Amino acid sequence: MVKRCSLCGASAVTWIPESKQYLCAEHYLEYFERRVLKTIEKFRLLKNVKKLLIAVSGGKDSTVLLYVMHKFFSREINLVGFTIDLGIGKYSRESTEIAIRNYKKLGIEYIVVNLKRSYGFDIDDSVRFRKWIKRPPCSICGIVKRYLMNKVALEINADAIATGHNLDDLALFMMSALQGGKVEELTKLTLYNPSINGFVAKIKPLGLVSDKETLLYALISGLEFYEEECPYAPQRGLRTTIIKALDVAENNHPGFKRYFVLNMIRRVIPKLPKPQGRIMRCAICNMPASNNVCSFCKIRARINEVIQKYRNK
Ligand code: AMP
Ligand code: FES
Ligand code: ZN
Ligand code: ZN
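Residues numbered from 1 in each chain as written. Chains lettered and ligands numbered in written order. Predicted model: local features only at pLDDT ≥ 70, side-chain atom pairs only at ≥ 80, totals over all residues. Heavy atoms only, no water.

**As for the pattern of salt bridges**
Applicable threshold: Only one rule defines a salt bridge in this text: a Lys or Arg side-chain nitrogen within 4 Å of an Asp or Glu carboxyl oxygen. Only DSSP runs of H or I reaching four residues or more are called helices, and only runs of E reaching two or more are called strands; each is numbered from the N terminus. Per-residue accessibility, obtained with a 1.4 Å probe over protein chains only, is compared with the maximum for each type, and a residue is labelled buried under 20%, exposed over 50%, and partly exposed between these values.
Across all of its chains, the model carries 14 salt bridges by this definition. Where Lys71 meets Glu33, a salt bridge forms, and the shortest distance between an N and an O atom there is 2.9 Å. Of this pair, Lys71 sits in helix α2 (residues 60–73) while Glu33 sits in helix α1 (residues 25–42); the two residues are 38 residues apart in sequence, bridging distant segments of the chain. Exposure remark for Lys71: the relative accessible area of 38% places this residue in the partly exposed category. The partner of Arg302 in a salt bridge is Glu305, with the nearest N and O atoms 3.2 Å apart. Of this pair, Arg302 and Glu305 both sit in helix α13 (residues 295–310), 3 residues apart, roughly one helical turn. In this structure Glu305 comes out as partly exposed when scored by relative accessible area, which is 42%.

**Examining the coordination of the zinc ion (ligand 3)**
Rules: Water is absent from the atoms considered, so a metal site may look incomplete; donors are defined as N, O and S atoms within 2.8 Å of the metal, or 3.2 Å for Na, K and Ca. Under the classification used here, a metal with four donors is tetrahedral if each angle lies between 85 and 135 degrees, square planar if opposite donors are over 155 degrees apart and the others between 65 and 115, a six-donor metal meeting that same test is octahedral, and anything else is irregular.
Cys5 (SG), Cys8 (SG), Cys24 (SG) and His27 (ND1) make up the full set of protein donors to the zinc ion (ligand 3), lying at 2.0 to 2.3 Å. Taken together, the 4 donor atoms coordinating the zinc ion (ligand 3) and their angles of 101 to 114° define a geometry best described as tetrahedral. The sequence pattern formed by the donor residues of the zinc ion (ligand 3) is C-x2-C-x15-C-x2-H. Overall, the relative accessible area of 5% leaves Cys24 in the buried class. Owing to a relative accessible area of 15%, His27 belongs among the buried residues under this scheme.

**Looking at the packing of aromatic side chains**
What counts is decided by this rule: When the centres of two rings from Phe, Tyr and Trp lie within 6.5 Å, Trp using its six-membered ring, the rings pair. Their planes under 30 degrees apart give stacked, over 60 give edge-to-face, and anything left gives tilted.
The final tally for this structure, using the stated rule, is 13 aromatic pairs. Relative to Tyr226, the ring of Tyr91 lies with its centre 5.6 Å away and its plane at 70°, an arrangement referred to as edge-to-face. Of this pair, Tyr91 sits in helix α3 (residues 89–106) while Tyr226 sits in the loop between α10 (211–221) and α11 (238–252); the two residues are 135 residues apart in sequence, bridging distant segments of the chain. Its relative accessible area of 9% is what places Tyr226 among the buried residues. Between Tyr103 and Tyr110 the ring centres are 4.9 Å apart and the planes differ by 15°, which places this aromatic pair in the stacked class. According to the relative accessible area criterion, Tyr103 is buried, its value standing at 0%. We classify Tyr110 as partly exposed; its relative accessible area is 31%.

Below you can see the structure in the form of C-alpha cells.
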C-alpha cells in the first residue's frame, strides 16, 4: 500500500520514527531545513558572523551544507566556499571538480588549495612513503585540513568556519572520546567552538541531522555530490564497531543518537574544564600553534625530506 504524507496526503518518501510521521518530498525538505535552522538559532551559530568560510569536500554533507547556507543566508552573510585538493587520486580530483561545479552553479565565491602545488606533498605521497613517515594518512589529512581551514579563514578575515559534520559523526567522535578517556577532545565536540588562541571559530550546522537524513535531502534536492568514500577510510577496527553499536541503539530506540549528542552538548561538556592552551606562533609559518613549530610545518618538512631522499627507491 502506498504510504501517505501525514501532513498533506501526497505519496510519502520517508518515515520519521521520532515523530511517527510519514512525509512527502516537499514536507521532508521543509522538515530537514527547519531542523538545521533551529540548530543555528538555538545554539546561536551565526551570531556576529558577517563572513563565513564553508569547508566543502564535495561529499553529500558539505554539499548540503553549502546549499542550505546559500538558500537561507546568502543575502545577509558573505559566504566563501573552501576546498582542499588533498591529492588522493581520483577521489580528490573528482570531488574537487564537483565542489567547484556547485560553487559556480550557486554563484558562490570560492577558494581551492592544491596541497601538492602549494606545499610540495600530498596525501598519496604520505602513503607511498609510509615506511619512512610511519603515520596513517588520515591523521596527516586531519592536520592538513585543520591547518588550511584556519589559515585561509584568517587570511580572508572570516568570522567562522562551517563544516559538514553531521549527527552520526558527532555521536561517533563522542563515543570514541569517552571510550578512550580523551577529556580534552570531548570539550571540542560541540556545535559551536568559539575563537580561541588565534584559531577562528568553528560551527557545525548539520550537527543534529543524521547521515541518512542528509543523504535523503541531497537526493530529493537533486544535488550533485561525490558518492564514494575516501579510499583510506578505515574499514575495520573500533570505529566500525562503535558505528554499528550506535546504529543498533538508534534502531531500537529512535532518537537515541540525537538525545545522546544533545545531552553531551548541554549537560556534560559544559561541566568539563575548558582547554587552557597558550597563544603561541609557529616559528616557521607564524600561524597559531600549541608548540614552537606547528604540526603542519613539522609533517610538511618530514614528508618533503622523505620525498627528496627516497624518491627513486
Ligand atoms: P571528514 O573529515 O572527511 O569527515 O570531513 C569533515 C568536514 O570537513 C566536511 O564535512 C567538510 O566540511 C570538511 N572537509 C573535508 N574534506 C575537505 C576538503 N578536501 N576540503 C575542504 N573541506 C573539507
Ligand atoms: Fe583524509 Fe581520507 S579524506 S585520508
Ligand atoms: Zn506532504
Ligand atoms: Zn607552521
